[in-house]
Amino acid sequence: MNFKGTAILALILSLFSAVSVRAQQGVEMADTMRSEGKIYIVVAVIAIIFIGIVIYMISLDRKLSKLEKELRD
Amino acid sequence: MAKNWWKAVAVILVLFALIGGLLIDVPRLPILNETIRNLFYHVTMWFAMMILMTASVVYSIKYLRSGKELDDAKAKIAAEIGLFLGVLGIATGSIWAKFTWGAYWINDPKLNGAAVTILAYFAYMILRNSFDDEEKRAKISAVYNIFAYVLLIVFLMILPRMTDSLHPGNGGNPAFSQYDLDNTMRIIFYPAIIGWTLIGVWLGELKLRLHKLRIKKLEDEL
């Protein structure tokens, strides 16, 4: 067997072993959702919500700073 | 702006935890399945709450030593934010329980301990509101706050470890711990705790500044 063939065989074997380790544990996870890439949609939604709240907090923070300045003068 | 760097740190850490918490590979454990990721969300609420309650009791002790109104205000605000995070912790835990155990609430030492702690801090808020005299309010509620903190330590940290509980990480149930040998989760978990705590501190800072403005306005009117 040439070098290329050995490499491919090794790759296939290692893939198989990875799959079998997962199968052994047999714990159900959201693998389909991940393989379809839909998890990124959820990530984007959560990130937008959090960033929105942060922007709101920053604007509150600025308003307070302005009031503090007004009362100081 | 230079003194606000920690707010940026808070946002970056929480964003990192929110995104990373969904994307990293996690251990495949029975019962928990994909909800093991709640470690990054539900558990961090409790950790941030405990840190804020510690800050609160430190300010209460400071108040008892100094008698400064501002220390009492800081103790109250830290407890308020901590209580808010604790309520979120209870609510998120309850949702998880419904889908894992089939009920929003079960009679479990860990859950009941959390409920007692939350109630102890609600009592702190009610106690504060029941005084007209400001100095009396500050003094008595500072003493009570120390008592509430002891309850927190006992009911959140000690009792659940002494008895068996269904909660992950207790009584041999799977969870993230040194026995489950997963250090990758710590990379998200610890920044999440720091980030949410700092977000809590930010909220508290806003409240404190509002409080100071109110005091200043009252003084100006006099």
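Scroll up to find the structure.
Described below are features of the structure shown in this document. (Residues numbered from 1 in each chain as written. Chains lettered and ligands numbered in written order. Predicted model: local features only at pLDDT ≥ 70, side-chain atom pairs only at ≥ 80, totals over all residues. Heavy atoms only, no water.)

This paragraph deals with the overall build of chain B. Counting its secondary structure elements, chain B contains six helices and zero strands. Scanning chain B from its N terminus toward the C terminus, one meets helices and strands in the order α-α-α-α-α-α. Buried residues in chain B amount to 48% of all 222 residues. Nonlocal contacts in chain B, meaning residues at least 24 apart in sequence, comprise 74% of its contacts between residues at least 6 apart. Roughly 11,600 Å² of accessible area belongs to chain B as shown, and the carbon and sulfur atoms make up 68% of that amount. (Helix = DSSP H or I, 4+ residues; strand = E, 2+ residues; numbered from the N terminus. Buried < 20%, exposed > 50% of the residue type's maximum accessible area, 1.4 Å probe, protein only. Contact = heavy atoms within 4.5 Å. Areas by Shrake-Rupley, 256 points an atom, 1.4 Å probe, with all protein chains shown as cover.)

Given 3.6 residues per helical turn, the α-helix brings residues three or four places apart onto the same face. Over its 19 residues, helix α1 (residues 5-23) of chain B extends 27 Å from the first C-alpha to the last, a length consistent with the 27 Å expected when each residue adds 1.5 Å. Tucked inside the fold, the buried residues of α1 of chain B contact α2 (31-35) and α3 (39-72) of chain A together with α6 (184-221) of chain B. (Expected span 1.5 Å × (residues − 1).)

Here we take up helix α5 (residues 134-162) of chain B. Residue and element names in this part refer to chain B. Helix length check: α5 (29 residues) gives 40 Å between terminal C-alpha atoms against 42 Å at 1.5 Å per residue, within 8%. At Val154, α5 shows its maximal kink, close to 30°. Those residues of α5 that sit buried are Ala138, Ser141, Ala142, Tyr144, Asn145, Ala148, Tyr149, Leu151, Leu152, Leu156 and Pro160. If you follow the buried residues of α5, they end up packed against α2 (42-66), α3 (69-100) and α4 (109-129). The N-capping residue of α5, defined by a side-chain oxygen 3.2 Å from the backbone nitrogen of Glu135, is Asp133. (Bend = angle between axes of the 7 residues up to and from the residue. Polar contact = N/O pair within 3.5 Å; in protein donor to acceptor, adjacent residues only side chain to side chain.)

Taken as a whole, this structure holds 13 salt bridges over all chains when the rule is applied. Here the residues in one salt-bridge network are Asp61 and Glu68 of chain A together with Lys7, Glu205 and Arg209 of chain B, joined through shared partners. (Salt bridge = Lys/Arg side-chain N within 4 Å of Asp/Glu carboxyl O.)

Here we come to a nonpolar patch on the surface. On the surface, a nonpolar cluster with roughly 370 Å² of combined accessible area is contributed by Ile41, Val45, Ile49 and Ile53 of chain A. Structurally, Ile53 of chain A is set in helix α3. (Patch = residues over 30% accessible without salt bridge, like charges linked within 9 Å, V, L, I, M, F, W, Y side chains within 5 Å.)

With that settled, consider the environment of Tyr149 of chain B. All names here are of chain B. With respect to the secondary-structure elements, Tyr149 resides in helix α5. A C-alpha to C-alpha distance of 7.4 Å links Tyr149 and Thr54, two positions 95 residues apart in sequence. Other than its neighbours up to four places away in sequence, Tyr149 contacts Met53, Thr54, Val57 and Tyr121.

Any functional reading would require information that these geometric values do not contain.
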